[in-house]
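# Summary of structural features
The lines below spell out each chain.
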Amino acid sequence: MHGPPLFKSQKRRAILTTVTTVTVVLLGLTLPRRTVSAQNATSALDVCSRSVNIASLLPGGAHEDPDVAAANALIDSEFASALTEIQTSPPADAALDEQLLGKVEIFDKTLSVNANLACASCHDPAAGFTGASSYLNQTIVAQPGSVPITNATNGGPNYRISNRKPQAYPYMAFAPVLHYNATQQDFYGGNFWDLRATGQRLGNPAAEQAQGPPLNPLEMGWPDSACLVYKLSQSSYASFFEKVWGAQSFAIVWPSNVQQVCSTPGPAPASTPLPVQLTPADRATSNSAFDHFAQSIAQEESAEESPFSSKFDAYLAGQATLTSQEMNGYKLFNGKAQCNQCHLSGNATSPGNPGTAADVAPLFTDFTTNNIGLPKNQALPYYCESTPDQYGYTANPAGFNATDQGLGSILAASTNPAWQALAPKFVGKFQTATLRNVDQRPYPGFLKAYMHNGYLKSLQEVVDFYNTSQALPRCTQGSPGEKVSCWPPPEVPTNLNTTQLGKLHLSSPEEDDIVAFLQTLTDGWFNPSSVP
């Protein structure tokens, strides 16, 4: 049995229709092919996306983006549905209870400092758990956080915003704890684009990843993890949290000024890194609840959000047949294009018939990092977050001099001397993300951004970049012919992968075949539980 990709995509399409009749065509967006650059198709490079009034596009804004409105409505609907589910869950199913708790947390907007941002706001289920707005993917890429900037000047963004595209988190619950393999001379595991959610403390990188956004001043913005725990203790599902994790979960004497302290966005002052004043015992209880919050989200990610239900999974299960184009793309993926060397498909690399897969649930990642030579995306508003906002916080003091060094910066800041010594070899390297749901989108004309900084705007561009980025001449960003006959230089020129990409000598039809195969990795095509 198979059908349209993912129920939430269908629901999102219905919501979008009722919210507005504005179409993606009226926004001036099209899905670019490699013959027409995404940037060149719109206008000259818009540095820092200065022309984008972020606040006006958000819920309640003067020009609310229809995708944002639809995604926000879906979040509200899913949150209400999840609250209903926890009231009717089986009394003795502890694993399901933990998963349902994670689900309600993911859709709870009150878990941000201004009660306006849920996990799902940046990780939209209908868009493969990444950016929810076609227009924002085309322009600012990184999603607005919870905190508006009321003193923005000189083209700076009027919302705090990070420097990276929201990373899709389904299937990343399978990532191992970050470790160094001396034989392979490589790091494996961890979560986030730079692997900073190592998993070493909780034994689960996905859980540690879930603890990042709440305390990131550019995202959900809490000044103290205790603020999120306090908010959970006051939530409509606090008793369900206690059912899952124990009656002592919120046994905390909160200070009388906790609401006032928690209403000021992070980061906390260096002089008071934990502004919610708790006794050591209460702090330990709060820390435990914060861990349990994150572990519940990881449980949801590993269950409902990692279903192995794509057409390719159906093919591996003998329930579907790939078209000739998809099959040729699969062969190229495993052979000439060398994709399978990092995005493991369950088959040994072979230019011939893929044959029988050794892994019938491949993850399409090897959990390592790579520097593929991606250019700096000068359209990111982050580069203009170089002055203090109304709270005195400066997100990016370096401005355009900032360089995203990926895993290298994490290793350099590590307390492990051996890892510190390895940092120079990993500067500019970012996680090899899973390719599952890489083409999932709420409607056909929806534009997605790709890679850690969203510089590439279609699967066609991605495949062409891997094919030609080290073969074509260099040019500056915004130049005529960019992404067609030339590529801007890498943001980080060291540690480039020059053996598996850049000069693949693929023809245009071969690129198209690979794209066709990648489109078979979208979940929701069939029900795996129906397979004998």
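That block above? That's the structure.
Reading guide: rules and limits
Residues numbered from 1 in each chain as written. Predicted model: local features only at pLDDT ≥ 70, side-chain atom pairs only at ≥ 80, totals over all residues. Heavy atoms only, no water. Phe/Tyr/Trp six-rings, centres within 6.5 Å; stacked < 30°, edge-to-face > 60°. Helix = DSSP H or I, 4+ residues; strand = E, 2+ residues; numbered from the N terminus. Buried < 20%, exposed > 50% of the residue type's maximum accessible area, 1.4 Å probe, protein only. Lys NZ or Arg CZ within 6 Å of the ring centre and 35° of its normal. Pairing = 2+ DSSP bridges. Core = buried A, V, L, I, M, F, W, Y, C linked by side-chain atoms within 4.5 Å. Contact = heavy atoms within 4.5 Å. Disulfide = S-S within 2.5 Å.

Turning to the packing of aromatic side chains, a few remarks are in order. Applying the stated criterion to the full structure yields 25 aromatic pairs. Centroid distance Phe290 to Phe293: 5.9 Å. Interplanar angle 10 degrees. Geometry classified as stacked. Of this pair, Phe290 and Phe293 both sit in helix H13 (residues 280–302), three residues apart, roughly one helical turn. The exposure class assigned to Phe290 is buried, which follows from its relative accessible area of 7%. Assessed through its relative accessible area of 2%, Phe293 is described here as buried. Among the aromatic side chains, those forming a connected cluster through ring pairs are Phe312, Tyr315, Tyr330, Phe333, Phe364 and Phe517. Over the ring of Tyr171 we find Arg436, and its NZ or CZ is 5.0 Å from the ring centre. The side chain of Lys483 reaches across the aromatic face of Tyr455, ending 4.4 Å from its centre.

Let us look at the pairing of strand S1 (residues 144–148). In terms of burial, S1 is largely enclosed, as four of its five residues are buried. Pairing analysis gives two bridges linking S1 to strand S2 (residues 159–161), with the strands arranged antiparallel. Among the inter-strand pairings, Pro144 is bridged to a residue of S2, identified as Ile161.

To continue, consider the side chain of Asn72. Mapped onto the elements, Asn72 comes out in helix H4 (residues 66–87). Exposure remark for Asn72: the relative accessible area of 18% places this residue in the buried category.

Judged by nonpolar contacts, the single largest core of 51 residues is most densely connected at Leu232, Tyr237, Phe241, Trp254, Val276 and Phe293. Every element with two or more residues in this core is listed here: H4, helix H5 (94–106), helix H6 (119–122), helix H8 (205–210), helix H10 (225–233), helix H11 (238–245), helix H12 (258–262) and H13. When neighbours within four sequence positions are excluded, Trp254 is seen to be in contact with Ala226, Val229, Tyr230, Ser233, Val276, Leu278 and Ser286. Listed in part, the 32 residues of the second largest apolar core include Phe333, Leu459, Phe465 and Trp487.

This part takes up helix H18 (residues 459–468). Among the ten residues in H18, nine count as buried, and that is most of the element. All of the buried residues in H18 are Leu459, Gln460, Glu461, Val462, Val463, Asp464, Phe465, Asn467 and Thr468.

Looking now at the state of the cysteines. Evaluation of the coordinates by the stated rule reveals three disulfides. Covalent S-S linkage joins Cys227 and Cys262, the inter-sulfur distance amounting to 2.1 Å. Looking along the S-S bond of the Cys227-Cys262 disulfide, the torsion reads about -85 degrees, which is the left-handed sense. Taken together, the residues span a long stretch of sequence, with Cys227 in helix H10 and Cys262 in helix H12 at a distance of 35 residues. Cys262 gets classed as buried once you look at its relative accessible area, which sits at 5%. Assigning the bonded cysteines of the chain consecutive numbers by sequence position, one obtains the connectivity 1-4, 2-3, 5-6. Between Cys122, a free cysteine, and Cys119, which holds the nearest cysteine sulfur, the sulfur-to-sulfur gap is 8.7 Å.

This next bit is on the environment of Ala298. Considering the arrangement of structural elements, one finds Ala298 in helix H13. On the basis of relative accessible area, Ala298 is assigned to the buried category, the value being 3%. Residues Ala298 and Ala210 lie 88 residues apart in sequence; the distance between their C-alpha atoms is 7.4 Å. Those residues in contact with Ala298 that sit more than four places away from it in its chain are Ala173, Asn204, Ala206 and Ala207.

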